[in-house]
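Spelled out, the chains give:
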Amino acid sequence: MAVVRIPDKQRELTEVGAIQDCLAPLGVTYQRWEPSQPVAADAPSSEILAAYSAEIEALKQQGGYVTADVVDLKPTTEGLDGLLAKFRREHWHDEDEVRFTIKGRGVFYLRDQQGGDVLEVEVGPGDLLTVPQGTWHWFTLCTDQTIRCIRLFQDPSGWAPQYTESGIDGGYQPVCLS
């Protein structure tokens, strides 16, 4: 279950409705998913995608996504530090960032462009987060440096990070449940 923290206000949200209400002003959506058919978190990517095929197809129809894949990050992933450094800087994308977490935990930091509160959104297994194109954010893994997610794309070439001028580079340290 996701946890939303608002560090500047010392608030923490854990109920689905409260999380959805908190994220809505930024256009970010949050859902909980259960697989259509049981599947192990370490199953091959093809089995993961098959288990969630109904949910993936519904999202494709809603958001114009054309492809889905599974990304698997862990401490032994080659180049992990460099990859994480790239996404710890505040950035935005030309298309939505859609992530469904199967295994592990990570933290999305969201900030509106008018300088409002930073929202720390910790996601874990069963959490679907959709961050709309143009939303300022950054991401890091929790201390075990493990996450496995289904990603959906409208156009994979549009997903490259566009960095903001804020200079934010992972200045917040996640308080992960793991």
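Provided above is the structure to which this section pertains.
**Student:** Hey, could you run me through helix 4 (residues 80-88) in this one?
**Tutor:** In an α-helix, one turn spans 3.6 residues, which is why side chains three or four residues apart end up on the same side. Those residues of helix 4 that sit buried are L80, L84 and F87. One side of helix 4 holds all its buried residues, which, seen down the axis, span an arc of 65°. Buried-residue contacts for helix 4 involve strand 4 (67-73), strand 5 (91-92) and strand 10 (136-141).

**Student:** Explain the packing of aromatic side chains to me, please; I cannot follow it from the model alone.
**Tutor:** Each pair of aromatic rings is reported with the distance of its centres and the angle of its planes. Applying the stated criterion across every chain yields a total of five aromatic pairs. On the numbers, 4.7 Å between centres and 35° between planes, the contact of W33 with F100 is tilted. Within this pair, whereas W33 is found in the loop between strand 3 (29-32) and helix 2 (45-51), its partner F100 is found in strand 6 (residues 97-104), the two being separated by 67 residues in sequence. Look at F100 and you get buried, because its relative accessible area is 1%. Ring centres of Y52 and F100 lie 4.8 Å apart, and the angle between their planes is 55°; on these two criteria the pair is classed as tilted. Within this pair, whereas Y52 is found in the loop between helix 2 and helix 3 (53-63), its partner F100 is found in strand 6, the two being separated by 48 residues in sequence. Considered together, Y52 and F100 belong to a single accessibility category, that of buried residues. Taken together through their ring pairs, the aromatic side chains of W33, Y52 and F100 make up a single cluster. Lying over the aromatic face of Y163, R89 brings its terminal NZ or CZ to 3.7 Å of the ring centre.

**Student:** Could you clarify how one ought to interpret the side chain of R148 in this entry?
**Tutor:** Positionally, R148 belongs in strand 11 (residues 147-153). Assessed through its relative accessible area of 6%, R148 is described here as buried. Among the polar contacts made by the side chain of R148, one reaches the main-chain carbonyl oxygen of A43 at a distance of 2.7 Å.

**Student:** Got a minute to help me understand the sheet that holds strand 4 in this structure?
**Tutor:** The strands making up a sheet are joined through hydrogen bonds of the backbone, oriented either antiparallel or parallel. The strand order across the open sheet built from five strands is 3-9-6-11-4, with neighbouring strands paired in antiparallel fashion. Two strands close off the open sheet at either side, each with one partner strand: strand 3 and strand 4. Between one strand axis and the next, the sheet turns by 20° as a mean value, whatever way the strands run. Strand direction decides the pairing type here: strand 6 and strand 9 (residues 127-131), joined by four bridges, are antiparallel. Bridge pairing in strand 9 links E97 to V131. Running over the sheet, helix 1 (residues 16-23) touches strand 3 and strand 9 and is turned about 160° from strand 3.

Parameters at a glance
Residues numbered from 1 in each chain as written. Predicted model: local features only at pLDDT ≥ 70, side-chain atom pairs only at ≥ 80, totals over all residues. Heavy atoms only, no water. Buried < 20%, exposed > 50% of the residue type's maximum accessible area, 1.4 Å probe, protein only. Helix = DSSP H or I, 4+ residues; strand = E, 2+ residues; numbered from the N terminus. Arc of directions from axis to C-beta. Contact = heavy atoms within 4.5 Å. Phe/Tyr/Trp six-rings, centres within 6.5 Å; stacked < 30°, edge-to-face > 60°. Lys NZ or Arg CZ within 6 Å of the ring centre and 35° of its normal. Polar contact = N/O pair within 3.5 Å; in protein donor to acceptor, adjacent residues only side chain to side chain. Pairing = 2+ DSSP bridges. Axes fitted to C-alpha atoms, helices over the stretch in contact; angles between N-to-C directions.

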